[in-house]
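So the chains spell out like this:
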Amino acid sequence: MGKSLFFISWALLCCCWTTQAEIFTSIGQMTDLIYTEKELVQSLREYIKAEESKLAAVKSWAKKLDALTRVSTSDPEGYLAHPVNAYKLMKRLNTEWSELESLVLQNPSDGFISNMSIHRQYFPDEEDETGAAKALMRLQDTYQLDSEAFSRGKLPGLHSNAFLTVDDCYDMGKTAYNDADYYHAVLWMQQSLKQLDAGEEAVVSKADILDYLSYSVYQMGDLPRAIELTRRLVAIEPGHQRAGGNLRYFERLLFKQLNELNQAYQPSSEEPIQLGTYSRPKDHLPEREAYEALCRGEGLQMNDKKRSRLFCRYQDGKRNPRLLLKPMKEEDEWDSPHIVRYLDVLSHEEIEKIKELAKPRLARATVRDPKTGVLTTANYRVSKSAWLEGEDDPVIERVNQRIEDITGLTVTTAELLQVANYGVGGQYEPHYDFSRRPFDSTLKVDGNRLATFLNYKDEPDAFKRLGTGNRVATFLNYMSDVEAGGATVFPDFGAAIWPRKGTAVFWYNLFKSGEGDYRTRHAACPVLVGSKWVSNKWIHERGQEFRRPCGLTEVD
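Quantities reported herein were computed from a predicted structural model and do not represent experimental measurements.

**Quick look at the overall build of the protein**
(1) Moving on: Broken down by element type, the protein carries 17 helices and 22 strands.
(2) Moving on: For the protein, with 556 residues in total, the buried portion stands at 47%.
(3) Moving on: When contacts within the protein are restricted to residue pairs at least 6 apart in sequence, long-range pairs at least 24 apart make up 74% of them.
(4) Moving on: Split by element, the accessible area of the protein, about 29700 Å² in all, is 53% carbon and sulfur.

Given below as structure tokens:
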């Protein structure tokens, strides 16, 4: 019981360490916003109907009074000579105009405003909007899509009516600009300008777009084009407060560079700015290009020789009684390190029950800071996750038992079942599942260099509190098909595993010696189209002593 409570408290810690304003990274939760918006539209229609009814009543009053005043003003004395007219004038001004005043002062918007106030607490905030914009840019980079493809809703294998306006593109560019991401600022401001020049209506002015675009181009190091764009800005708005000063500064800087290089001035290229015009700045991830290529299905190292070493078989868990009559279908995905896929692991009904249990608990997924050991959110892991234990529902207990039967490893010391939902641009950049230890050696497998880590900074023992050792293996369930993107890739050896609903993949993170297999560094590619649901079980070392005995060498 104590161990169960410990796992619960640890899982709660993993779930709850989130920023106050969470990014809507789960499609499962974003669907609730769709229905919220539908309810608000209905409320808005009711408000419009009430306003129209009020306006119709006021118009009726105005029509009646207009006809009446035309008669009364044509001969005021004659009109008032009739006692009924005199009485009705007194009555109108004392009573009926007061009623009209009350009608005009009625506010049919009260119901709509009240409904808005109720739902506003669930609305995305500025951080969420920024996160969604960055997600589009992440997809743009990973899948090498130009801004126009996004703007027109033309994604690989998908054409839709979802499009971005001039103002949408401008806001995308501004988000990047405010983050000092001038590379993306240029791409989106250029797309905004292109659509505006094509005659599309917009709230934003051409001067505002050129202002951001010219300075972003300057930051990318393209002075000739920055000068050309700034001249266009000055021509449109001669009194612009920054344009004149920027133009003089850019020209002075360019001619200084040309003099130093003894070169003549060359006008800027007339080719429009597009994907590939400027190089994307390097970031913290050394294998960025290899990782993103694998996500696109490029750079795969599978060949005929390697494929000939992959087989499929029936797996009965070493004659496990629960698998004898219905063994699992096992397929090799990779030979070394050995990665296998199991078919028909979860039924549709089990998947729906797991999602139903997880949805109310979904929180921004966390990672452990390698310097402090503290759980925190990170831009390189964008998803929402929840943790489920066997006591939550018989389905979870059944799934845990099935994982133990298939792998032959005890799940008594494993972490709770983690359920994750990757929404718009959801991803988990290359990472290790195991906690790393420093060493100064080169590991070799089959005579090939595995990895060299010299003076590697120590990570705090991430699992010391659990008392269950390191993560020896990963069992990953795919609970949905994904229309585009969302592969699990291994950049070290060039493998990509695509989600297939109901299947699961399994691999060992540690050698039998307990040393980490650094080849298992892997990533969850951004979801381009669709919603990706997964659940995983991280199996730990303790309890596996007789189920997976130590080998004779470091890399057995």
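**What about the confidence of the model for the protein?**
(1) Moving on: A residue-level look at the protein finds 87% of positions with pLDDT of 70 or above and a mean pLDDT of 85.
(2) Moving on: Counted against residues more than four places away or in other chains, residues 1-24, with its pLDDT under 50, gives 60 contacts.
(3) Moving on: A low-confidence stretch, residues 449-458 (pLDDT under 50), is modelled with 29 contacts involving residues beyond four sequence positions or located in other chains.

**Things to note about unusual backbone geometry**
(1) Moving on: Each neighbour pair has its own omega, and for Ser336 with Pro337 the value is 0°, a cis peptide bond.
(2) Moving on: Locating Pro337 in the fold gives a position in the loop between strand 4 (328-334) and strand 5 (339-343).
(3) Moving on: Even without a glycine there, the phi angle at Ala180 is positive, about 60°.
(4) Moving on: Position of Ala180 among the secondary structure elements: in the loop between helix 8 (166-178) and helix 9 (182-197).
(5) Moving on: Here Ala180 falls in the partly exposed class, since its relative accessible area comes to 48%.

**Let's talk about the state of the cysteines**
(1) Moving on: Inspection of every chain in the model, using the stated rule, returns one disulfide.
(2) Moving on: Note on cysteine connectivity: Cys295 is disulfide-linked to Cys525, with sulfurs 2.0 Å apart. The sign of the S-S torsion, about -85°, decides the handedness of the disulfide formed by Cys295 and Cys525: left-handed. Of this pair, Cys295 sits in helix 13 (residues 288-295) while Cys525 is found in the loop between strand 20 (522-524) and strand 21 (527-529), placing the two residues 230 residues apart along the sequence. Taken as a pair, Cys295 and Cys525 share a single burial class, namely buried.

**Some details on empty space enclosed by the protein**
(1) Moving on: Scanning all chains against the criterion turns up two cavities of 30 Å³ or more.
(2) Moving on: Within this model, the largest cavity holds a volume of roughly 200 Å³.
(3) Moving on: If you go around the largest cavity, you meet 18 residues; those closest to its centre are Tyr422, Tyr428, His431, Leu476 and His522.
(4) Moving on: Here the lining of the largest cavity takes four residues from strand 22 (residues 532-540), the largest share from any one element.
(5) Moving on: Among the residues forming the lining of the largest cavity, the class breakdown is nine nonpolar, six polar and three charged.

**Observations regarding the layout of surface pockets**
The gaps left among the atoms become clear once a water-sized probe is rolled over them.
(1) Moving on: Empty space within the largest pocket amounts to approximately 1500 Å³.
(2) Moving on: Glu129, Ala132, Ala133, Leu136 and Val424 are, among the 45 residues lining the largest pocket, the residues nearest its centre.
(3) Moving on: Take the lining of the largest pocket: its biggest share by element is eleven residues, from helix 6 (residues 126-142).
(4) Moving on: Among the residues making up the lining of the largest pocket, the classes are represented as 24 nonpolar, eleven polar and ten charged.

**Regarding the pattern of salt bridges**
(1) Moving on: Using the criterion set out here, one finds 33 salt bridges in the structure.
(2) Moving on: Between Glu298 and Arg296 there is a salt bridge, with the nearest N and O atoms lying 3.2 Å from each other.
(3) Moving on: For the salt bridge of Arg322 with Asp405, the shortest nitrogen-to-oxygen distance reads 2.7 Å. Note that Arg322 is positioned in helix 15 (residues 321-324) and Asp405 in helix 17 (residues 394-407), a separation of 83 residues in sequence.
(4) Moving on: Judged by relative accessible area, Arg322 falls into the exposed class, the value being 54%.

**Remarks on the pairing of strand 19 (residues 504-508)**
(1) Moving on: In terms of burial, strand 19 is a largely internal element, four of the five residues being buried.
(2) Moving on: The sheet contact formed by strand 5 and strand 19 spans four bridges and is antiparallel. Of the residues in strand 19, the one forming a bridge with Ile339 is Trp507.
(3) Moving on: Alignment of strand 15 (residues 471-478) against strand 19, held across five bridges, turns out to be antiparallel. Bridge assignment links Leu476 to a residue of strand 19, and that residue is Val505.

Scoring rules and cut-offs
- Residues numbered from 1 in each chain as written.
- Predicted model: local features only at pLDDT ≥ 70, side-chain atom pairs only at ≥ 80, totals over all residues.
- Heavy atoms only, no water.
- Helix = DSSP H or I, 4+ residues; strand = E, 2+ residues; numbered from the N terminus.
- Buried < 20%, exposed > 50% of the residue type's maximum accessible area, 1.4 Å probe, protein only.
- Contact = heavy atoms within 4.5 Å.
- Areas by Shrake-Rupley, 256 points an atom, 1.4 Å probe, with all protein chains shown as cover.
- pLDDT = per-residue confidence, 0-100.
- Disulfide = S-S within 2.5 Å.
- 1 Å grid on protein atoms, 1.4 Å probe; cavity = no way out; pocket = protein on both sides within 12 Å on 5 of 7 lines; lining within 4 Å.
- Points joined across faces, edges and corners; volume = space filled by probe spheres on them.
- Nonpolar A, V, L, I, M, F, W, Y, C, P; charged D, E, K, R; others polar.
- Salt bridge = Lys/Arg side-chain N within 4 Å of Asp/Glu carboxyl O.
- Pairing = 2+ DSSP bridges.

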